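Close look at the chain arrangement
Spelled out from the first residue to the last, the chains are:
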Amino acid sequence: MKKLLAETFTYGKQYLRTRIGAFFTFIFPVLLILLFGAVFTSVGTSTISLPVQDKDGSTLSHLFLSSLNDTGVVKVSMVPDTEDLQSYVRANSLSVALLIPAGLEANASACAAANGRYCTNLTLYGDPSRSTYMVAQGVVEAVVEQMNFALTARNPAIKVDSRQVVVEGFTAIDFFLPGIVGMTVMVSSMYFMTGLCAEYRSRKYFKLLATTTLTKAEWLASRFLWFSMILLISLALTVAAGVALWNVHVTLNAFAAASVFILAGTFMLTSLGMLLGSAVKDPESASAVANAIGFPMMFLSGSFWALETTPFYLQAVAKVLPLTYLNSGLRDSMVYGNMNGALVNLAVVVVLGVVFFVLGSKLMSWKER
Amino acid sequence: MAEAVIEVKGLAKHYPGKKAVDGVDFEVRKGQVFSLLGPNGAGKTTTVEILEGLRTPTAGTALVLDHDVTKDYAKIRKRVGVLPQDFEPFDRLTPTEAVGYWGRLFDRSLSRTDVNRILEQVSLTDRAKVQAIKLSGGEKRKLGIAMSLVGEPELLFLDEPTTGLDPKARRDLWGLVRRIESEGRTVVLTTHYLDEAEQLADEVAIMHQGKIAAHGRPQELISKSGSGTTVVLGGAGEAGLRAVQRLGLPVRQENGDVLVRVADPSQMKSVLRDLASLDLPLRDMYTRRGTLEDVFLTLVGARMEEGVLQQ
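Residues numbered from 1 in each chain as written. Chains lettered and ligands numbered in written order. Predicted model: local features only at pLDDT ≥ 70, side-chain atom pairs only at ≥ 80, totals over all residues.

Quick look at the overall build of chain B
Of regular secondary structure, chain B possesses ten helices and 16 strands. In terms of overall dimensions, chain B has a C-alpha envelope of 70 × 45 × 40 Å along the principal axes. Residues classed as buried in chain B amount to 43% of the 311 residues present. (Helix = DSSP H or I, 4+ residues; strand = E, 2+ residues; numbered from the N terminus. Buried ≥ 20, exposed ≤ 12 C-beta atoms within 10 Å, placed from the backbone.)

Spelled out as structure tokens, the structure:
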């Protein structure tokens, strides 16, 4: 344990003295949250998945859904009648879903005949602050308007209501916070670990360490310990900046859950860094390899925008990127309060971490061949 | 005779297309400075890295402090200090921090006094609070030696500790090696500097192409090689060379000087008398004892400069 702590804090001292490490861990995420908070606007979209629960099952509802699909902006997917839609949205961390109530067709027809006004409602569930919600709402309202016109040409019979599913008071910047945290974990653990392994090999530090009583496992544990500690501090600083400047909502429970994800994410990404680092020979190659893996992850894992707004093939790519599960887990726990979803993501992160760790420690050698 | 702390038998390390170490045998006795001497690529570093547990041999056995290095090196790790050939300190640590940190990696909690004592041993006290990135090459090597000493090792491997250093830094390090030896520690020193081996080593093994070409005490090797003493006739030139050749003495010319080898010290007086009788016009005249350089030249057939053979 003494050796582990000596290794951890001695490395920590060097890490902080380089200043680059401190910048990327502590300053960069705070700058990002300042930037995104200041310039955030709605993100453009391609096809958005719109889960719909059709409790009417009528010709009118089918026609309505078909019209939604024809817009090319949303793609309807069906939610079983048996589900409680509000719980379903929460459990699946959805940003938007539509409920078509039973009796839509009958009520709309009766309304038209009686020249009534707004006799039946469609309900959109989700989070109105999400760009995907905003786009879906615009499309649904446009199609409803057309339908109202076709039905009566006078008073509108159907209106669209909104039901917020996420915790009251969340804003768009709340959704960026987990992404920024996830990205910081990746930069501070995977990037640094890849470079560190290459540097230790090229400068023969591994060989030097092999002459001591320090074991490879102790060395790896010390790096994990250090990255975990600084990332927890970084989380606290980032959250504090978000709360102070942009009124970000983070409860103590959410912070605790995020801390667990930071530990698991650091383990996964430190191990991935070690695996990548064991495959490269010099710091220059390490930088190229880390960028080749890190940049796609940064932009395709939902750090900066919702995955639902990206084309389907990019969504498929995102599913194989480890950071996706860290980001999703952080959002599940910090934003949606979806603990089941968070646990699933946590399990994926831990399992991937174990796989990377085993492969990395097998492939990494301190000795000369 | 002191006990053997290293016993190497038939040690070999082969790579595809190259025999880096090709069946070497030697012993290192307790308390001595043992030097592996040879040009770059001779197999010195590969040999010591096998002894340090950093490489696995292809064949042969190597016992260090009575333990087989391939099987239970972990048992002797704390008793051995290592300064690798390519030692680089941790840039952002000061010597004080580096020595303290290294001590903990050998399960030793060094007090401030202990650290200062070690730094004093290597004459780094004045630079104790300076980050390693700002140290000179010689100071970095001294820091490396200081780190190798934290475990109070019985056996110290110094792999080319003075390569690339200026003459003053080299001589400082020689003094340091002598002090370490005087403390009763055994030192294995690899070098390609012939004068360094001659100055420091109790015993020398000259390596060439993965094999040991000669092994023994420096003076024994010099005597055995027959290089003896050389009389230098400064500025004797071509005419001097021909005149000495007529006397039937072993002679060669080097940069305008004429060098006459006297293998047997008892012949010195008569040789000098013969040379005086020639009455050659000379710039100066002096005698030079045989060196390991002569031994190396005889064995390998080439001179060595900065570890590179000069054909």
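Focus on the sheet that holds strand β5 (residues 67–68) of chain B
Residues and elements named next belong to chain B. Taking strand neighbours across the sheet as the criterion, the four strands line up as β2-β1-β4-β5 in an open arrangement whose pairing is antiparallel. The strands lining the two open edges of the sheet, one partner per strand, are β2 (18–29) and β5. One ladder, built from five bridges, connects strand β1 (residues 4–15) with strand β4 (residues 59–64); its direction is antiparallel. Opposite valine 8, over in β4, you have alanine 62 as the bridge partner. (Pairing = 2+ DSSP bridges.)

So, the interface of chain B and chain A
Interfaces are often sized by the amount of accessible area the parts lose when they come together. Each side of the interface is counted separately: chain B has 19 residues, and chain A has 19 residues. The greatest single-element share of the side of chain B that touches chain A, amounting to three residues, is contributed by helix α2 (residues 95–105) of chain B. A breakdown of the residues in the side of chain B that touches chain A according to their chemical character gives nine nonpolar, no polar and ten charged. (Contact = placed C-beta atoms within 7 Å. Nonpolar A, V, L, I, M, F, W, Y, C, P; charged D, E, K, R; others polar.)

Looking at the domain arrangement of chain A
Here chain A is partitioned into domain 1 (2–39 + 171–363) and domain 2 (48–164). The straight-line distance from the C-alpha centre of domain 1 of chain A to that of domain 2 of chain A is 40 Å. (Domains from an automatic or database assignment.)

A short note on the nonpolar core
In terms of nonpolar packing, the biggest core is built from 77 residues, with Ala98, Val99, Ala146, Val177 and Leu189 of chain B touching the most fellow members. Non-local contacts of alanine 98 of chain B, meaning those with residues more than four positions away in its chain, are made with Pro89, Phe90, Leu93, Ala132, Leu143 and Met147 of chain B. Residues Met183, Trp246, Ala286 and Met334 of chain A belong to the second largest nonpolar core, which totals 61 residues. (Core = buried A, V, L, I, M, F, W, Y, C linked by C-beta atoms within 7 Å.)

Notes on the sheet that holds strand β4 (residues 120–126) of chain A
All names here are of chain A. The strand order β2-β1-β3-β4-β5 describes an open sheet built from five strands, whose pairing is mixed. Each having just a single partner strand, β2 (74–78) and β5 (158–164) make up the two edges of the open sheet. On average, each strand axis in the sheet is tilted by 30° relative to the strand beside it, whichever way the strands run. In this structure, strand β1 (residues 48–54) lies alongside strand β3 (residues 96–100), joined through three bridges in parallel fashion. Each bridged residue has a counterpart across the sheet, and for aspartate 54 the counterpart in β3 is isoleucine 100. Together, β1, β2 and β3 form the strand contacts of helix α3 (residues 59–70), whose direction differs from that of β2 by roughly 140°. (Axes fitted to C-alpha atoms, helices over the stretch in contact; angles between N-to-C directions.)

Quick look at helix α14 (residues 339–363) of chain A
Along an α-helix, a turn takes 3.6 residues, which lines up residues three or four apart on a common side. Residue and element names in this part refer to chain A. Taking 1.5 Å per residue as the helical rise, α14 with its 25 residues ought to reach 36 Å, and the 36 Å between its terminal C-alpha atoms agrees with that figure. Those residues of α14 that fall on the buried side of the exposure criterion are Ala342, Asn345, Leu346, Val349, Leu352, Gly353, Phe356, Phe357 and Gly360. Packing partners of the buried residues in α14 comprise α10 (252–279) and α13 (322–336). (Expected span 1.5 Å × (residues − 1).)

Digging into the domain arrangement of chain B
If you check the domain split of chain B, you get domain 1 (4–223) and domain 2 (228–289). For domain 1 of chain B versus domain 2 of chain B, the separation of C-alpha centres amounts to 41 Å.

Topic: unusual backbone geometry
All names here are of chain B. A positive phi angle, close to 70°, is found at aspartate 66, a residue other than glycine. Within the secondary structure layout, aspartate 66 lies in the loop between β4 and β5. Classification of aspartate 66 as exposed rests on a count of 12 C-beta atoms within 10 Å. Phi is positive for aspartate 107, which is not a glycine, with a value near 60°. Secondary-structure assignment places aspartate 107 in the loop between α2 and α3 (112–121).

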